[in-house]
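Observations on the model geometry
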Amino acid sequence: MPDPSAVENVVSVFADLREEGRELDSLVGELSAVDWARPTPAPGWSLAHQIAHLHWTDRASLLALTDATAFAGLVEEALKAPDSFVDAGAEEGAAMAPAELLARWREGRAALDEALAAASPDAIFPWYGPPMKAASMASARLMETWAHGQDVADALGVRRVPTARLRHVARIGVRARDYAYAVRGLAAPTGEFRVELTAPGDGSEVWTYGPEGAPQRVTGPALDFSLLVTQRAHRADLSLTASGPDADRWLDIAQAFAGPAGPGREPGASR
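Scope of this entry: the structure provided in the associated data block. The structure displayed is predicted, hence computed values, not measured ones. Per chain, residues are indexed from 1 in the order of the written sequence. In keeping with the predicted nature of the model, local features appear solely for residues at pLDDT of at least 70, side-chain atom pairs appear and are counted solely at 80 or more, and the whole-chain, interface and lining totals rest on all residues. Neither water nor hydrogens contribute to the side-chain values; these are computed over all heavy atoms in the structure.

Some points on the pattern of salt bridges
We apply this condition: Salt bridge criterion: a side-chain nitrogen from Lys or Arg within 4 Å of a carboxyl oxygen from Asp or Glu. Put simply, DSSP H or I for four residues or longer makes a helix, DSSP E for two residues or longer makes a strand, and each gets a number counted from the N terminus. A simple rule labels every residue: compare its accessible area, found with a 1.4 Å probe on the protein chains alone, to the largest value its type can have, and call it buried under 20%, exposed over 50%, or partly exposed in between.
Applying the stated rule across the entire model yields 22 salt bridges. Between Lys80 and Glu77 there is a salt bridge, with its nearest N and O atoms 3.3 Å apart. Here Glu77 and Lys80 lie together in helix α4 (residues 68-80), a separation of three residues that amounts to about one turn. According to the relative accessible area criterion, Lys80 is exposed, its value standing at 63%. Judged by its relative accessible area of 46%, Glu77 falls in the partly exposed class. Here Asp151 and Arg232 are joined by a salt bridge, their closest N and O atoms 2.7 Å apart. Here the residue Asp151 occupies a position in helix α7 (residues 134-156), and Arg232 occupies one in the loop between α10 (222-229) and β4 (241-243), the gap between them amounting to 81 residues.

As for unusual backbone geometry
Here the phi dihedral of Gln231 falls at roughly 55°; this positive angle occurs in a residue that is not glycine. Mapped onto the secondary structure, Gln231 falls in the loop between α10 and β4.

Re the sheet that holds strand β3 (residues 217-221)
This is how the line gets drawn: By this definition, two strands are paired if DSSP reports at least two bridges between them. To obtain each axis, a line is fitted to C-alpha atoms, and for helices this fit is confined to the stretch in contact; angles are then taken between N-to-C directions over 0 to 180 degrees. The contact definition used throughout considers only heavy atoms, calling two residues in contact when any of these lie within 4.5 Å.
Spatially, β2-β1-β3-β4 is the arrangement adopted by the four strands of the open sheet, whose pairing is mixed. Either end of the sheet is taken by a strand with one partner, and the two such strands are β2 (206-209) and β4. Taking each pair of neighbouring strands and ignoring which way they run, the sheet shows an average axis angle of 10°. Here strand β1 (residues 194-198) runs beside β2; their pairing, made up of four bridges, is antiparallel. Bridging from a neighbouring strand, Glu196 pairs with Thr208 of β2. Sitting on the sheet, helix α8 (residues 166-175) touches β1 and β2, and the angle it makes with β2 is about 25°. Against the sheet, helix α11 (residues 245-253) makes contact with β1, β3 and β4, and its axis sits at roughly 145° relative to β4, the strand it touches most.

Regarding the side chain of Ser226
Note the cut-off: In protein, a polar contact requires one atom able to donate a hydrogen and another able to accept it; more generally it is a pair of N or O atoms within 3.5 Å, and residues adjacent in sequence count only if both atoms are side-chain atoms.
Within the element layout of this structure, Ser226 appears in helix α10. Judged by its relative accessible area of 0%, Ser226 falls in the buried class. In this structure the side chain of Ser226 is engaged in a polar contact, spanning 2.9 Å, whose partner is the backbone oxygen of Ala222. Not counting residues up to four positions away in its chain, the partners in contact with Ser226 are Trp146, Leu166, Val169 and Ala170.

Structure follows, in structure tokens:
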């Protein structure tokens, strides 16, 4: 019999993913065609590219959950053009009329939500990286929706109110510590770090990761940590503190997303 608390956590992340999509939808749902063409902080990507990328990845996630053979075909295509398949997917969607892209993104979100809810909590599904359970896939989709939503918000000059949904982004960022080193050809530190992040709200809640007595520590707001690990802000512009040389080095290279290390934002980039 499934652990009731585990099932509750799975349902919670699905609900958080739906809400993250709705929040981003509220930013783009009534925009003009001119606004859809507005450039975002990602070089060469308009607002339409951001939504098209999310739609493209939602579709891939849906296939991973429902049709492993079809998803394997997507992986084969990605291996043929590892440096360009992400941009190509965004370009394809961005070429649509904004109303069509918006409708398809909404339909894709709804279909993915249904597939996640129908998936067995213990089943393992394929992905471009390591296989994952449905709850982990939902967390990853939330992280990416939030990150690309930040690009949209920055392009529109909107300051979003951080929510408790950032716990998913923060958790991925912490768990991806060693990946950030590996993707740069570096050896990861052997010991665990302590990470203490002040949750959004009145400052009374702190999210903690790692051993309490670990000598390497990172502290600061959960929002700032999330911006750092998704490379939506430069470390110099964030209120994060590292104690210990290994923790300090990690904050220079941290990333929550799969794939090559990106250039990130320049110091002082407006948000």
